[in-house]
Amino acid sequence: MKNKFALLLSFLTVLSFSIYSFGQEKQLTIQKLTEDLDGYFTKTILEQGFVGLGACLIKDNKIQWMNTYGYADREEKKPLQKNNIFQIASLSKVFTATAIMQVYEKGLFSLDDDVNDYLPFKVRNPNFPDKPITFRMLLTHTSSFDDLLPAGNKILRGVKGDHPIKLSEYVTELFTPDGKYYSIDYFSKTYAPGDKYSYSNISFSLLGYLVESIMKQDFSEYCKKNIFEPLNMKNTGWHLKDLDVNNIAVCYGITGNDTSVFKRVDHFGVPGYPEGMLRTTLEDLSHFILAYLNDGKYNDYQLLKSETLKLMLSPEGIKNIPTRSFPVEDIGLTWLKVNIDGHPYYTMNGFSGSIFTIAAFSLEYKTAMIYFFTGISMQNMLKSNQMTSKLVKAINELKVE
């Protein structure tokens, strides 16, 4: 009996040591993580043909790793730097959502209010005129707007530089039946407001204008005073005029039928800019994500109250949300709840045809990752899932001293 006990004790000791050793092997030092990721992304950018790529990892309330690869301007041979500004495309929507939720915190509206109560004009799906459209519907892409085609926007309105049309004019003319941008084709004929998830850009143009209408303040100025400046996001803005244009990374994408050559895309603007025109840096964007990781607070600034943040991230119970990447479990108020290789994350990405951006964070692990790349083809877009998995695995295994 004593021999059996000794044998069992020896086995358990070896097993415990093996488990301990396995755990230790899974913990990466900063040096090892840097070597691993630098090798991986240097190889990836060459194999996939990306023009520029930048990424950062967040843990323990700070950026633990950040690096860039390739070019900010390929023709000028300017290497991409950590302080370069890049367009975040539809990732911008989480900033618009944050702005409207700051207004919500003031008690100026309820999420299930009809937005018409806060506008100088009426917004209705003409196919379902008796069904109100609410703030919650706009934030969850369930407003029954049908403004996108598989290949992109139905509404083509980008121009080189900042767009001269103001947000207020654009939204008014877009949703008013006799407006010059109005079309019945922007509204679903088959499902009513609240019935179905259908991704929409103009929902967020309208949300931006609702901030203006309720707060009596230009949306971009509101964000500057209530989000960017307090979060020390010094190189972030909705318009080119607010930024150092020479420091903005150039985007590159496939245009026309030639799928072997990336074309330079001029810096552009759209009048409905709250839907996707924010430009920022990896450092600046990390401050915003850190607020979400810390109950809505960054340093001494409370971006959102803790209860508001919980409301934003609570699943809305919306079914059949399509995805081209990791399984979407549900949506909160704009942030998607996803499963990345068994890990729960909140995420949002952006895609313009010439740049891809993504941010993802885990409240459970208190970790986050951000990355972007330019030089996009349908082939190398398939690499994004692998890069996301690589970064999530690395930050979860990182041992912080």
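Residues numbered from 1 in each chain as written. Predicted model: local features only at pLDDT ≥ 70, side-chain atom pairs only at ≥ 80, totals over all residues. Heavy atoms only, no water.

### Here we look at the overall build of the protein chain
In terms of regular secondary structure, the protein chain is built from 10 helices and 18 strands. Per-residue burial over the protein chain gives 52% buried out of 401 residues. Long-range contacts, defined as pairs at least 24 residues apart, comprise 66% of the intrachain contacts of the protein chain with a sequence gap of at least 6. Summed over all atoms, the accessible surface of the protein chain reaches about 18500 Å², with 53% contributed by carbon and sulfur. (Helix = DSSP H or I, 4+ residues; strand = E, 2+ residues; numbered from the N terminus. Buried < 20%, exposed > 50% of the residue type's maximum accessible area, 1.4 Å probe, protein only. Contact = heavy atoms within 4.5 Å. Areas by Shrake-Rupley, 256 points an atom, 1.4 Å probe, with all protein chains shown as cover.)

### Focus: the sheet that holds strand S17 (residues 355-362)
The eight strands lie next to each other as S3-S2-S1-S18-S17-S16-S15-S14, forming an open sheet whose pairing is antiparallel. Of all strands in the sheet, those with a lone pairing partner are strand S3 (78-79) and strand S14 (328-331), marking the two edges. (Pairing = 2+ DSSP bridges.)

### Let's talk about unusual backbone geometry
Even without glycine at this site, Lys216 takes up a positive phi of about 55°. Given a relative accessible area of 71%, Lys216 falls into the exposed group. Of note in the backbone geometry, Asn232 takes a positive phi value of approximately 60° without being a glycine. Positionally, Asn232 belongs in the loop between helix H7 (219-228) and strand S8 (251-254). Relative accessible area serves as the criterion here: at 36%, Asn232 is assigned to the partly exposed category.

### A short note on the pairing of strand S16 (residues 343-351)
Of the strand pairs in this sheet, strand S15 (residues 336-340) and S16 are connected by five bridges, and their pairing is antiparallel. Note on S16: the bridge partner recorded for Leu336 is Thr347. Joining the antiparallel neighbours S15 and S16 is a turn of two residues, in which Asp341 adopts a positive phi near 50°. In this sheet, S17 lies alongside S16 in antiparallel orientation, the contact comprising six bridges. Within S17, the position partnered with Gly350 by the bridge is Thr357. Where S16 folds back onto S17 in an antiparallel hairpin, the turn is made up of three residues, including Gly353, whose phi is positive at roughly 100°.

### Concerning the environment of Ile214
Among the secondary structure elements, Ile214 is positioned in helix H6 (residues 202-215). Given the relative accessible area of 17%, Ile214 is considered buried. C-alpha of Ile214 to C-alpha of Phe109: the two residues are 105 residues apart in sequence and 9.0 Å apart in space. Every residue in contact with Ile214, bar those within four places of it in the chain, is listed here: Val103, Leu108, Phe109, Tyr118 and Phe135.

### Topic: the pattern of salt bridges
Inspection of the entire model under this criterion finds 13 salt bridges. Taking the shortest distance from any N to any O, the salt bridge between Arg74 and Glu75 comes out at 3.9 Å. Taking relative accessible area as the criterion, Arg74 reaches 26% and is therefore assigned partly exposed. Across the salt bridge formed by Lys180 and Glu169, the nearest N and O atoms sit 3.4 Å from each other. Here the residue Lys180 occupies a position in the loop between helix H5 (167-175) and H6, and Glu169 occupies one in helix H5, the gap between them amounting to 11 residues. (Salt bridge = Lys/Arg side-chain N within 4 Å of Asp/Glu carboxyl O.)

### A few points about the environment of Met233
Examined against the element boundaries, Met233 turns out to sit in the loop between H7 and S8. In this structure, the C-alpha to C-alpha distance between Met233 and His287, residues 54 residues apart in sequence, is 7.3 Å. Apart from residues no more than four positions distant in its own chain, Met233 is found in contact with Phe95, Ile227, Phe228, Thr280, Asp284, Leu285, His287 and Phe288.

### Regarding the nonpolar core
In terms of nonpolar packing, the biggest core is built from 79 residues, with Phe95, Phe175, Phe288, Ile289 and Trp335 touching the most fellow members. In contact with Trp335, other than residues within four places in its own chain, are Val94, Phe288, Ile289, Tyr292, Met312, Leu313, Tyr346, Thr347, Met348, Ala359 and Phe361. Membership of the second largest hydrophobic core comes to 36 residues, among which are Tyr40, Tyr69, Tyr371 and Leu391. (Core = buried A, V, L, I, M, F, W, Y, C linked by side-chain atoms within 4.5 Å.)

### A word on the packing of aromatic side chains
Within the structure shown, the criterion is met by 27 aromatic pairs. An angle of 75° between the planes, with centres 5.0 Å apart, marks the rings of Tyr40 and Phe41 as edge-to-face. Classification of Tyr40 by relative accessible area gives buried; the value is 14%. What makes Phe41 buried here is its relative accessible area of 0%. (Phe/Tyr/Trp six-rings, centres within 6.5 Å; stacked < 30°, edge-to-face > 60°.)

### Observations concerning the side chain of Asp114
With respect to the secondary-structure elements, Asp114 resides in the loop between helix H3 (93-105) and helix H4 (135-139). The buried category is assigned to Asp114, whose relative accessible area is 15%. There is a polar contact of 2.9 Å between the side chain of Asp114 and the backbone nitrogen of Asn116. At 2.9 Å, the side chain of Asp114 forms a polar contact with the side chain of Arg124. Apart from the residues lying within four places of it in its own chain, the contact partners of Asp114 are Arg124, Pro132 and Ile133. (Polar contact = N/O pair within 3.5 Å; in protein donor to acceptor, adjacent residues only side chain to side chain.)

### Regarding the packing of H3 against H7
Relative placement of two packed helices is described by the angle separating their axes and the distance separating the axes. Remark: H3 packs on H7, axes separated minimally by 11 Å, with the N-to-C direction vectors making an angle of 80°. Judged by the angle between their axes, H3 and H7 are roughly perpendicular. On the side of H3, the interface is formed by Phe95, Thr96, Thr98, Ala99, Gln102 and Val103, while H7 contributes Phe219, Tyr222, Cys223, Asn226, Ile227 and Phe228. In the contact of H3 with H7, the residues fall into eight nonpolar, four polar and no charged. (Axes fitted to C-alpha atoms, helices over the stretch in contact; angles between N-to-C directions. Parallel < 35°, antiparallel > 145°, perpendicular 65-115°, else oblique. Nonpolar A, V, L, I, M, F, W, Y, C, P; charged D, E, K, R; others polar.)

### Thoughts on the packing of helix H2 (residues 30-48) against helix H10 (residues 384-397)
As a packed pair, H2 and H10 sit with axes 11 Å apart at the nearest point and diverge in direction by 175°. Taken together, the axis directions place H2 and H10 in an arrangement best described as roughly antiparallel. The residues of H10 that touch H2, namely those facing Leu33, Asp36, Leu37, Tyr40, Phe41 and Thr44, are Gln386, Met387, Lys390, Leu391 and Ala394. In terms of residue class, the contact of H2 with H10 is built from seven nonpolar, two polar and two charged.

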